[in-house]
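# A look at the structure
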Amino acid sequence: MTLTAEKITPANVAAACQLAVEPHQKDFVAPVAVSLAEAYTQPDVAWPRLILDDGEPVAFVMGGFDPHAELDFFRCGIWRLNVGAGVQGRGYGRFAVETVLEEARRRGNTTATVLWIPAAGGPEDFYLKLGFRPTGQTFRGEVVGRIEL
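Keep in mind that this is a model prediction, so the values were computed, not measured. (Residues numbered from 1 in each chain as written. Predicted model: local features only at pLDDT ≥ 70, side-chain atom pairs only at ≥ 80, totals over all residues. Heavy atoms only, no water.)

## Some details on the UniProt feature "domain: N-acetyltransferase" (unreviewed entry) in the chain
The feature "domain: N-acetyltransferase" (unreviewed entry), as given by UniProt, occupies residues 6–149 in the numbering adopted here. The distance from the first to the last C-alpha atom of residues 6–149 is 22 Å, and the span holds 26% helix and 33% strand. (UniProt positions renumbered as here; feature names shortened; annotations may be inferred. Helix = DSSP H or I, 4+ residues; strand = E, 2+ residues; numbered from the N terminus.)

Here it is in structure tokens:
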């Protein structure tokens, strides 16, 4: 298993857009194509990456880095994480999150955030296992989690 995180390019954008989460997870994360559209409108802030395992697309992650964001939890963090249906539980999500956190450290950040919908079947347990802790804040019904870097 050789995991890499690649920039989204004309050569891999179609593969990225074909990644789909498990059907029961569709209410928790936007499709990759929507994330890429958002990234296109904020190229200085959004940091989208395709996660490959031996060259095969397995996940998509998008970090956000905006030191001037009005809301502190949007200054540095994970905006999206989509791990492909049928390949979850193999460490791809953890690798994707660590990739964003590594970039956050490289940029000099000391904390990072992620938001999740607090519902059965959601990603809360995953993020808690990685070390994110609820801040007590919510945004549009989502829990704000933070991790020290």
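## Quick look at the sheet that holds strand E6 (residues 133–139)
Here we have 7 strands laid out as an open sheet, ordered E1-E2-E3-E4-E5-E7-E6, and mixed in their pairing. Of all the strands in the sheet, the pair left with one neighbour each is strand E1 (3–7) and E6. Each neighbouring strand pair of the sheet contributes to a mean axis angle of 30°, computed without reference to strand direction. Direction of pairing for strand E2 (residues 46–53) relative to strand E3 (residues 56–65): antiparallel, over a ladder of 8 bridges. Following the sheet pairing, Trp47 is matched in E3 by Gly63. Helix-sheet contacts for helix H2 (residues 32–41) involve E2, E3 and strand E4 (76–83), and the interaxial angle to E3 is about 35°. Against the sheet, helix H3 (residues 92–106) touches E1, E2, E3, E4, strand E5 (111–116) and strand E7 (142–148), its axis set at about 160° to E4. (Pairing = 2+ DSSP bridges. Axes fitted to C-alpha atoms, helices over the stretch in contact; angles between N-to-C directions. Contact = heavy atoms within 4.5 Å.)

## A look at the pairing of E2
For E2, the tally of buried residues reaches 8 of 8 residues, placing the bulk of the element in the interior. Sheet topology note: the E1/E2 ladder contains 5 bridges and is antiparallel. Looking at E2, one finds that Lys7 is bridged to Arg49. (Buried < 20%, exposed > 50% of the residue type's maximum accessible area, 1.4 Å probe, protein only.)

## Some points on the nonpolar core
The biggest cluster of nonpolar side chains holds 25 residues, and the ones touching the most others in it are Val61, Ile78, Leu81, Val97, Tyr127 and Phe132. Where this core is concerned, the elements lending two or more residues are E2, E3, E4, H3, E5, helix H4 (124–130) and E7. Residues in contact with Tyr127, not counting those within four places in the same chain, are Ile78, Leu81, Val97, Val114, Trp116 and Phe132. Residues Ala16, Leu50, Leu52 and Met62 belong to the second largest nonpolar core, which totals 10 residues. (Core = buried A, V, L, I, M, F, W, Y, C linked by side-chain atoms within 4.5 Å.)

## Some thoughts on H2
Because an α-helix packs 3.6 residues into every turn, residues spaced three or four apart end up facing the same way. Taken residue by residue, H2 has Val32, Ser35, Leu36 and Ala39 as its buried positions. One side of H2 carries all its buried residues, which in axial view fall inside an arc of 100°. Along H2, the residues that are exposed and aim more than 90 degrees away from the buried face are Tyr40 and Thr41. On the buried face of H2, the contacting elements are helix H1 (13–18), E2, E3 and E4. (Arc of directions from axis to C-beta.)

## Overview of the packing of aromatic side chains
All chains considered together, the criterion is met by 7 aromatic pairs. On the basis of an interplanar angle of 85° and a centroid distance of 5.7 Å, the ring pair of Tyr127 and Phe132 is categorised as edge-to-face. A cation sits over an aromatic face here: Arg49 above Trp47, 3.9 Å from the ring centre. (Phe/Tyr/Trp six-rings, centres within 6.5 Å; stacked < 30°, edge-to-face > 60°. Lys NZ or Arg CZ within 6 Å of the ring centre and 35° of its normal.)

## Observations regarding unusual backbone geometry
Here Asp54, not a glycine, exhibits a phi torsion of approximately 50°, which is positive. Positionally, Asp54 belongs in the loop between E2 and E3. A residue is classified by how much of its surface remains accessible, and Asp54, at 53% relative accessible area, is exposed. Phi is positive for Arg140, which is not a glycine, with a value near 50°. When you line up the elements, Arg140 lands in the loop between E6 and E7. Relative accessible area serves as the criterion here: at 76%, Arg140 is assigned to the exposed category.

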